[in-house]
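Residues per chain, in single letters:
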Amino acid sequence: MTAVTAELAPPPDVTYGRSALSHFAADVWVLTKRSIARIRNEPETLADVTIMPVIFILMFAYVFGGAIGLPGHGSYHEYLIGGMLGMGLAQTAPGVAVALVTDMSTGLIDRFRSLPMSRWAVLVARSIAELLTQLIGAAIVVCVGLAIGWRVHTGAGDVIEALALSLLFGYAFTWAGVCLGMMLRSPEAAQATGFIIFLPLTFVSSAFVPTQGMPGWLQPVANWNPMSALAAASRHLFGNPNPAAAVHAWPMQHPELAVVGWSVLMLAIFAPLAVRQYRRKVLG
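Source: prediction; values computed, not measured.

**Student:** Which residues make up the environment of Pro187, and what are the values?
**Tutor:** In this structure, Pro187 sits in helix H9 (residues 187-203). Taking relative accessible area as the criterion, Pro187 reaches 22% and is therefore assigned partly exposed. In sequence terms Pro187 and Gly95 are 92 residues apart; their C-alpha atoms lie 9.6 Å from each other. Apart from residues lying up to four places away in sequence, Pro187 is in contact with Val98, Val101 and Thr102.

**Student:** Report on the layout of surface pockets, specifying residues and quantitative values.
**Tutor:** Size it by volume and the largest pocket reaches roughly 670 Å³. Lining the largest pocket are 29 residues; nearest its centre among them are Thr45, Asp48, Gln91, Pro94 and Gly95. Sorting the residues of the lining of the largest pocket by element identifies helix H2 (20-41), helix H3 (47-64), helix H5 (92-105), helix H7 (119-148) and H9 as the ones contributing at least two each. Looking at the lining of the largest pocket residue by residue, the class counts come to 15 nonpolar, eight polar and six charged. In this model, the second largest pocket occupies a volume close to 200 Å³. Along the wall of the second largest pocket there are 13 residues; nearest its centre are Phe173, Ala176, Gly177, Leu180 and Ile197. At the level of elements, H5, helix H8 (156-183), H9 and helix H13 (255-283) are the ones that each hand at least two residues to the lining of the second largest pocket. Ranked by residues supplied to the lining of the second largest pocket, first place goes to H8 with five residues. Here the lining of the second largest pocket is built from residues that sort into 11 nonpolar, two polar and no charged.

**Student:** How would you explain the nonpolar core if you had to name every residue and give the values?
**Tutor:** Grouped together as the largest cluster of nonpolar side chains are 42 residues, with contacts concentrated most on Ile57, Tyr76, Leu80, Met84, Phe169 and Phe208. Mapped onto this core, the elements with two or more residues apiece are H3, helix H4 (76-90), H7, H8, helix H11 (226-238) and H13. When residues in this core are grouped by element, the largest group, eight residues, is from H4. Ignoring any residue separated from it by four or fewer positions in sequence, one finds Ile57 in contact with Leu80, Ile81, Met84, Val141, Val144 and Ile148.

**Student:** Just give me the short version of the packing of aromatic side chains, but keep the residues and values in it.
**Tutor:** Scanning the entire structure with this criterion turns up nine aromatic pairs. Aromatic side chains Phe60 and Phe203 sit 6.4 Å apart centroid to centroid with 35° between the ring planes, which places their arrangement in the tilted category. Highlighted residues: Phe60 in helix H3 and Phe203 in helix H9, separated in sequence by 143 residues. For Phe60, a relative accessible area of 8% corresponds to the buried category. Under the relative-accessibility criterion, Phe203 is labelled partly exposed at 36%. Here the aromatic rings of Trp150 and Phe238 are separated by 5.2 Å at their centres, their planes lie at 75°, and the arrangement is edge-to-face. Of this pair, Trp150 sits in the loop between H7 and H8 while Phe238 is found in helix H11, placing the two residues 88 residues apart along the sequence.

**Student:** For H5, give the residues involved together with the corresponding values.
**Tutor:** The end-to-end C-alpha separation of H5 is 20 Å, in line with the 20 Å expected for 14 residues at 1.5 Å each. If you check which residues of H5 are buried, you get Thr92, Ala93, Pro94, Val96, Ala97, Ala99, Leu100, Val101 and Asp103. Where H5 ends, the next residue or the one after it, Gly107, has phi of about 90°, a positive value.

**Student:** Can you explain empty space enclosed by the protein? Please cite residues and give values.
**Tutor:** Tallied over the entire structure, the rule returns two cavities of 30 Å³ or more. Taken as a whole, the largest cavity encloses approximately 70 Å³ of empty space. Residue assignment for the lining of the largest cavity shows that the elements contributing at least two residues are H2, H5, helix H6 (108-113) and H7. Residue classes in the lining of the largest cavity are distributed as six nonpolar, one polar and three charged. In this structure, the second largest cavity spans a volume of roughly 30 Å³. Lining the second largest cavity, in full, are Tyr79, Ser206, Pro210, Thr211, Gln212, Arg235, Asn242, Pro243 and Ala244. Residue composition of the lining of the second largest cavity, by class: four nonpolar, four polar and one charged.

**Student:** Tell me about the side chain of Glu256, and please be specific about residues and values.
**Tutor:** For Glu256, the position within the fold is in helix H13. No salt bridge is formed by the buried Glu256; the nearest opposite charge belongs to Arg235, separated by 12 Å. If sequence neighbours within four positions are ignored, Glu256 has contacts with Glu161, Leu165, Ala233, His236 and Leu237.

So, how was this worked out
Residues numbered from 1 in each chain as written. Predicted model: local features only at pLDDT ≥ 70, side-chain atom pairs only at ≥ 80, totals over all residues. Heavy atoms only, no water. Helix = DSSP H or I, 4+ residues; strand = E, 2+ residues; numbered from the N terminus. Buried < 20%, exposed > 50% of the residue type's maximum accessible area, 1.4 Å probe, protein only. Contact = heavy atoms within 4.5 Å. 1 Å grid on protein atoms, 1.4 Å probe; cavity = no way out; pocket = protein on both sides within 12 Å on 5 of 7 lines; lining within 4 Å. Points joined across faces, edges and corners; volume = space filled by probe spheres on them. Nonpolar A, V, L, I, M, F, W, Y, C, P; charged D, E, K, R; others polar. Core = buried A, V, L, I, M, F, W, Y, C linked by side-chain atoms within 4.5 Å. Phe/Tyr/Trp six-rings, centres within 6.5 Å; stacked < 30°, edge-to-face > 60°. Expected span 1.5 Å × (residues − 1). Lys, Arg positive; Asp, Glu negative; His and termini not counted. Salt bridge = Lys/Arg side-chain N within 4 Å of Asp/Glu carboxyl O.

If you want it as structure tokens, here you go:
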């Protein structure tokens, strides 16, 4: 009788005694695995960090690059890759906005609401999954860059620092996409709004052309663009042509500090705002 009762008894509550931090980490881990599994089942979702960077690199290197002159006559192929790192990482933000709006509209977030889980966990897990896709995107940019003649002229420490700054910026920019996804109500609106925000941010910068050739009124905007700071930092750390070093603007003279500052600022603004919007939508 005792053995039968033991078999029918419910299993012990394994969550008893676990801290809030342990619960949060477990929630994030489960949701991150879900996002990765979705990518594995739908690899076409990686097109924004695999196919698009290749298209942009080849287009600018072999179609537009010949018409773009660099101060000092450096290699445009080497100049291009520093800017493409930032663009390849930042362009995942519209994708995460679309994914979150889709989850909201299909009722998936409502199912999460019924579970005893952290409100932060859903958004943090999505941002971590995006960081993993950004690692793939950075690897694609590096490989294509090496194939077209891009080379690094500094040491391994500088390369690691450049990639770390790029991923920090990409992760912070992801939270801008998360915030955008929480504010919009349809995937179509998220895609269109992300496109409208992303294109000017990328092209009004030194990602593809030196800011010295822009109109005088536009140069300060481009020089203080976070994308310009990341491009300048990457080129400096890779030892590539960096015309921004001659620009007398604080972000161009201290690009590494500027990237860290912009990243911290974006995280401080967009992460709490995204969680606030999430709570408002989920809890009504």
